[in-house]
Each structure stands twice: as structure tokens, then as C-alpha cells.
Amino acid sequence: MSQVILRQLSKIYPAASKSPEFHAVRGIDLEIQSGEFMVLVGPSGCGKSTTLRMIAGLEEISSGTIAIDDRTVNDVLPKDRDIAMVFQNYALYPHMSVYENMAFGLKLRKMPKPEIDQRVREAAVLLGLEDHLERKPKALSGGQRQRVAVGRAIVRKPKVFLFDEPLSNLDAKMRVSMRTEISKLHARLGATMIYVTHDQVEAMTMGDRICVMKDGHILQVDTPLNLYNQPASLFVAGFIGSPPMNFLRGTIQRTGETLTFVETNSQSTPAKLVLKAPHAAHLSSELGRELIMGIRPENIRPASATSRGAASITATVELCEPMGAETMVYLTTGATAFIGRFAPTTHYAALEKISVEFDAAAVHFFDPETERRLPMG
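Residues numbered from 1 in each chain as written. Predicted model: local features only at pLDDT ≥ 70, side-chain atom pairs only at ≥ 80, totals over all residues. Heavy atoms only, no water.

**Focus: the packing of aromatic side chains**
Condition: By convention, a stacked pair of Phe, Tyr or Trp rings (six-membered ring in the case of Trp) has centres within 6.5 Å and planes under 30 degrees apart, an edge-to-face pair has planes over 60 apart, and any other such pair is tilted. The numbering of helices and of strands both runs from the N terminus, where a helix is a DSSP run of H or I of at least 4 residues and a strand a run of E of at least 2. Working definition: with a 1.4 Å probe on protein chains only, accessible area under 20% of the residue-type maximum means buried, over 50% means exposed, and in between means partly exposed. Only when the NZ atom of a Lys or the CZ atom of an Arg is both within 6 Å of the ring centre and within 35 degrees of the ring normal do we say a charge sits over the ring.
Tallied over the full model, the rule gives nine aromatic pairs. Seen in terms of ring centroids, F338 and F358 are 5.8 Å apart; in terms of plane orientation they differ by 85°. Their pairing is edge-to-face. Taken together, the residues F338 in strand β18 (residues 337-342) and F358 in strand β19 (residues 353-359) connect sequence positions 20 residues apart. F358 shares its class with F338; the two are buried. These aromatic residues form a ring-pair network of at least three members: F37, F163 and Y195. Over the ring of Y13 we find K11, and its NZ or CZ is 5.0 Å from the ring centre. Directly above the aromatic system of Y228 lies the positively charged group of R296, at a separation of 3.9 Å from the ring centroid.

**Some points on the pattern of salt bridges**
As a reminder, the rule being used: Salt bridge criterion: a side-chain nitrogen from Lys or Arg within 4 Å of a carboxyl oxygen from Asp or Glu.
The final tally for this structure, using the stated rule, is 14 salt bridges. Here K11 makes a salt bridge to E59, at a shortest N to O gap of 3.8 Å. Here the residue K11 occupies a position in strand β1 (residues 4-13), and E59 occupies one in the loop between α1 (48-56) and β4 (63-68), the gap between them amounting to 48 residues. Considered together, K11 and E59 belong to a single accessibility category, that of buried residues. A salt bridge links E36 to R209; the nearest nitrogen and oxygen atoms lie 2.4 Å apart. Here E36, found in the loop between β2 (22-32) and β3 (37-41), pairs with R209, found in strand β9 (residues 209-214); they are 173 residues apart in sequence, far enough to count as distant. The exposure class assigned to R209 is partly exposed, which follows from its relative accessible area of 22%. Among the charged side chains, a network of salt bridges with common partners joins K11, R53 and E59.

**So, helix α3 (residues 113-127)**
Operational definition: Take the residue count of a helix, subtract one, and multiply by 1.5 Å to get its expected span. The arc in question is the one traced by the directions running from the helix axis out to the C-beta atoms. In this description, contact between two residues means that some pair of their heavy atoms is separated by no more than 4.5 Å.
With 15 residues, α3 ought to run about 21 Å at 1.5 Å a step, and its terminal C-alpha atoms sit 21 Å apart, in line with that. For α3, the set of buried residues is I116, R119, V120, A123, A124 and L127. Projected onto a plane normal to the axis of α3, the buried residues spread over an arc of 130° and lie on a single side. Those residues of α3 that are exposed and aimed more than 90 degrees away from the buried face are P114 and V125. Of the surrounding elements, those touching the buried residues of α3 are α2 (98-108), α4 (142-154) and α5 (172-189). Immediately downstream of α3, the backbone of G128 shows phi near 70°, a positive value.

Here it is in C-alpha cells:
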């Protein structure tokens, strides 16, 4: 197990004939603790895979430092960094058996045959491959091939495991199965793992902590639940969660002693949310200013006569999407579209008008200029 520390790490690709200089990673700082499962997540082009490749030594850094166990490895060759990388495309040798693929790296290191055999068979048992050791990759399923790629990394017993979108070539059912297997593997090995994905569901279900990236910057590093419940910015709030957080623009207005968030740009009756502690105390200085209110789909529900402290609004049903354990209801209020997570028995007709309410205690407010979440205490 090893700690990995990135300090002011940057990657700049020089200008080409028809394209300007490109900053893929912009001076990021990140500490990955020994034995931690860290997930780098973000949209395509955010710099997550470039960061991983710099840690591996497959991409030259432009500035900054990478340290593994207090040893700066900027100029250390990939083979001498004591890391193992699992790629998206498996990178297996088609003419070799599963056993030979897993043993190949150890043979290059001239390790004794008995130790190679022991390591390969131990990894095969761990990954459920003991009955497939003599097969060639073409005789395996996609999930089995990915296990072989993981096994090839395990037998090396590296300080750090690096995963570069390893499940993106698998079908949906196999992805769920394999992410469970990798999580179990981490629990058994207790190894330091850095995992890159664009799939925020993978990130939420696998990571001890998640590093959210955008445009070469780190926006937030935190546990999955903290990212979900306390997003630092508008982007993180919208990226983490499936379906994503809903956003409404509006202003804070005062009526007597009551503060209310009133939706703007609505073509029908605007949503109004009466603010209570701690929101009222912290938003009293924002009177008349446009803010963005965020609310998760599970905090929107059909309005009831006994509702208290909730914003009630009339919306048009665009689509009901039954999911078995729940129903996703897609709604609009003229200019604003949002999603509610309702009970599984819920059903509405398309274009039906319904009344829904927002849980006042579960909303977030964001500054539309800085896109930062406003603190509520």
C-alpha cells in the first residue's frame, strides 16, 4: 500500500499547425492515501485520463511533481514506478493462454518459475479464473477478459493499481457485475487504487473518495455522500446523481418577516418556496438577487393538502418512466424542465397538469456568477 501525492501537476500540449496550445491538466493538487480507492471522474476531455497516464509515466508532465511513498517519480521510467495499469481495451496477447498472459510480466522480470506459478494461481482463484487458465482470450467473454487484465496486474503485487475506464467496453449488466468484483478485490487486497471513469454511477458506488474534474481543474474531492449532499458547485451538483439535480432560477423576496424564493422566467404560475432556518438566516442578504435553486428528484413529490413548508407548483407531465422500484416523472413549468422521483405505482398521462411540491429542507442555492454553492451554516 502506498500514498500518491500530486503537487501543481500540469500537462500542456504544444500548439500544432491548426490548433493552439492545449492545457489538459492545470496545476492540480491531490493526495491519495495508502490503501484508498480514489476515483477520478468527469466529462470527456476533463483531464482525468491524462492525469492517470502521468502517474503511470506514460505521459510526460509539463510541470509539478508526482510522489509515490515520498519518492518523486517525475523522471522514473514506468517499469520502475512499481505501478500496474489496467486499460480500457484489455491489451491481452491473443496467441497466449490466460496463464501465459498473467505470467508474462513476471517472466520478463526473470522471477523463479515456482513463484510465478504460485502468484498466477492465487490470482486466478481470487478472480474466478482457475478453470480458464488454458484458454485463449478469444474463447473468453468480455468480463472474463477484463478479469485476466486485472489478474495480470495483481500478480505483480504493485504499490499502486491504475484503472483507465476498464469497464467501458462491457454491456450494462456486465459493468455492474465487474464494478462489484473490483470493489471486492480492493477490500481483499487493501491496495491503493486510482480509477478513472466518466460514469458517475461507477464513481459513487466504487470510490472511497471521488475527485471531480472539469477542464483540467479539480472542482471537489470528497466522499460519495458528501459530494451528493454537499456539492461545492453547480457543476458538481449537476454531474453527481442520476437523474441529476434540478435547477430553477429565481429571486429572494420578503413579505413581512417571511423570505420566499420566487421562480423567474416561468410561463405559468411561478414556483414559490417559503424559506425557513437555516436558509432564511443565510439568504436575508440576497434580497432581490437572482440565484439558482437546486433540488434532487427524490425531494419532489405530488402535492398534498397537508404539506407544510413546501413549494407547491403546477407542472405539465411530459413523460412517465416506470423503473420498477420507482417512477421517474419528467415535468415542465413553461421555461423550466425538471424530474421527480415518485412512487412505483405513479402514472400520469402525457400533458396532464399536476401539482407538485418541493421539500424546503432539501434545497441548495448557487451563485449564478461564480457557480459556487452558498453556505447554509
